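Structural characterization, general
Chain residues, written in single-letter form:
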Amino acid sequence: MGKRVAVIGGDGIGPEVVAEALKVVRAAGVDLETVAYELGGAHYLRTGEVLPDETLAALRDFDAILLGAVGTPGVPPGVIERGLLLRLRFELDLYINLRPFRGKGLDFVVVRENTEGPYTGEGGVIRKGTPYEVATQGSVNTRMGVERCVRFAFELAAARARKHVTLVHKTNVLTYAGDLWQRTFEEVAAEHTDVSTDYNHVDAACIYLVEAPQRYDVIVTDNLFGDILTDLGGAVTGGIGQAASANLNPARTGPSLFEPVHGSAPDIAGTGTANPIACIRSAAMLLDFVGEGEAAARIVRACTEAPPSPGASTSAIGDAIAFAVTQDLTKEP
Ligand code: NAD
Ligand code: IPM
Ligand code: MN
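A brief structural summary. As the structure is a computational prediction, the values presented were derived from the model and not from experiment. (Residues numbered from 1 in each chain as written. Chains lettered and ligands numbered in written order. Predicted model: local features only at pLDDT ≥ 70, side-chain atom pairs only at ≥ 80, totals over all residues. Heavy atoms only, no water.)

**Some thoughts on the environment of Val-188**
Here is the rule: For the purposes of this entry, the term helix denotes a DSSP run of H or I that reaches at least four residues, the term strand denotes a run of E that reaches at least two, and both are numbered from the N terminus. Residue contacts are defined here by distance: any two heavy atoms, one from each residue, within 4.5 Å place the two residues in contact.
Along the chain, the position of Val-188 falls in helix α6 (residues 175-190). Spatially, the C-alpha atoms of Val-188 and Phe-154 are 7.7 Å apart, while their sequence positions differ by 34 residues. Residues within four places of Val-188 in sequence aside, it is in contact with Glu-147, Val-150, Arg-151 and Phe-154.

**A few points about the site of ligand 2**
To keep it simple, the criterion reads: We call a residue near a molecule or strand as soon as one heavy atom of that residue lies within 4 Å of the molecule or strand. Polar contact criterion, stated in full: a pair of N or O atoms within 3.5 Å, where within protein one must be able to donate a hydrogen and the other to accept it, and residues adjacent in sequence count only if both atoms are side-chain atoms. All accessible-area figures derive from a Shrake-Rupley calculation using a 1.4 Å probe, and residue coverage is judged against the displayed protein chains alone. Just so you know the grouping, Ala, Val, Leu, Ile, Met, Phe, Trp, Tyr, Cys and Pro go in nonpolar, Asp, Glu, Lys and Arg go in charged, and all remaining residues, Gly too, go in polar.
Inspection of the region around ligand 2 gives Glu-81, Leu-85, Leu-86, Arg-89, Arg-99, Arg-112, Tyr-119, Asp-227 and Val-261 as its neighbouring residues. Here an oxygen atom of ligand 2 and a side-chain polar atom of Arg-112 are 2.7 Å apart. Between ligand 2 and Asp-227, the relevant distance is 2.8 Å, taken from an oxygen atom to a side-chain nitrogen or oxygen of the residue. The protein chains hide 79% of the 320 Å² of surface that ligand 2 would expose on its own. Its residues assigned to classes, the shell around ligand 2 comprises 4 nonpolar, no polar and 5 charged.

**Concerning unusual backbone geometry**
The backbone phi angle of Lys-163 is positive, close to 50 degrees, even though this residue is not glycine. Examined against the element boundaries, Lys-163 turns out to sit in the loop between α5 (143-158) and β8 (164-169).

**Considerations on the site of ligand 1**
Not every one of the 20 residues close to ligand 1 is listed here, only the nearest: Glu-81, Glu-259, Gly-263, Ala-265 and Asp-267. Contacts to ligand 1 include Val-70, whose backbone N or O atom sits 2.8 Å from an oxygen atom. Measuring from an oxygen atom of ligand 1, one finds a side-chain N or O atom of Asp-267 at 2.7 Å. Burial of ligand 1 by the protein amounts to 66% of the accessible area it has alone, namely 810 Å². Those elements that provide at least two residues to the shell around ligand 1 are β3 (64-69) and α4 (79-91). When the residues that make up the shell around ligand 1 are grouped by side-chain class, the tally is 11 nonpolar, 6 polar and 3 charged.

**Structural notes on the packing of helix α7 (residues 202-211) against helix α8 (residues 223-236)**
Geometry of a packed helix pair, given as the angle between the helix axes and the separation of the axes. Spelled out, the test is: Here an axis means a line fitted to C-alpha atoms, over the contact stretch when the element is a helix, while the angle between two N-to-C directions is reported on a 0 to 180 degree scale. Comment on the angle field: the value is read as roughly parallel under 35 degrees, roughly antiparallel over 145, roughly perpendicular from 65 to 115, and oblique elsewhere.
For the pair α7 and α8, interaxial distance at closest approach is 10 Å and the crossing angle is 10 degrees. What the angle tells us is that α7 and α8 run roughly parallel. Note on element contacts: α8 touches α7 through Phe-225, Leu-229, Leu-232 and Val-236, opposite Val-202, Ala-205, Cys-206, Leu-209 and Val-210. Among the residues making up the contact of α7 with α8, the classes are represented as 9 nonpolar, no polar and no charged.

Next up, the structure:
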């Protein structure tokens, strides 16, 4: 039976790149039932709705969710990012944010913790608007949350050729959270004697990602460091327009969510210049996760083998990859 996928185009370039991803999925001949959901900043400005409880309940019944990007200038920061995207990640327990990077001769993957750290919303403000204003925003790190993320990273590394995991943190300053991460990492490492390990402080990791990124195989890190490092990862492996991600519920107690690493790019929205490859690759990760691995592999091959001609439009890139996918179909095995 065909899989059911909820599609949230979102804002800015989101709907533009999602259209190309669906074009490529269709070209791959996959039988998907898609249901579109109008959500995001523009929808909020029109209706006042961010993520109604009934919509969240309906989303739980899908096999997967494909999201373009959300966020609109004119909506206060955080309303949509926290109220829609982070709410989905937290409520659906999408505790792994998997961000693979392939390009420029590099092949590494970031396993980003996706439900904790400074993202939880812990903290608050008092005396707002006065000279005595106080704002706190804590980082929440639980043994359970850290351990399930670290375990995922080691299991992933064990299945890869180089079998190497680097913990990235800031243990020299964030001593409470860093110590929890470090001890958990070492304990899980002891169970995986076939996987070699390393540790980098996050500031040094920024140097190495630019100057010697080939040292990395699997990086495991907290939510905020992972956010920052993965924009950098995109930039050093061919551009943010190619960087895909999967927000996974590995226990499969509900749908996982697939989206590009990039945002709604209001600076280029409507110009037809957004690179759809990040979204196309995210759709391939979706297909792989729902049991359509063969179609996923064909799409990944098409993305690699049909590089866009310089200056190609969003839809021209989608067309070229869709065509390459259909050609691959007829290739001798
Ligand atoms: P952004 O990722 O949208 O854009 C950063 C830069 O990268 C811009 O110059 C943009 O033009 C470029 N870029 C991004 N995607 C591209 C693509 N596919 N092809 C070519 N160029 C591309 O980050 P931002 O400007 O900081 O954020 C804009 C909005 O998006 C904000 O509201 C932010 O909160 C939101 N955001 C959403 C998501 C998401 O929905 N998953 C992710 C990141 C940011
Ligand atoms: C990302 C984005 C999100 C994040 C925002 C939009 C909440 O930057 O997916 O990388 O910080 O995780
Ligand atoms: Mn980000």
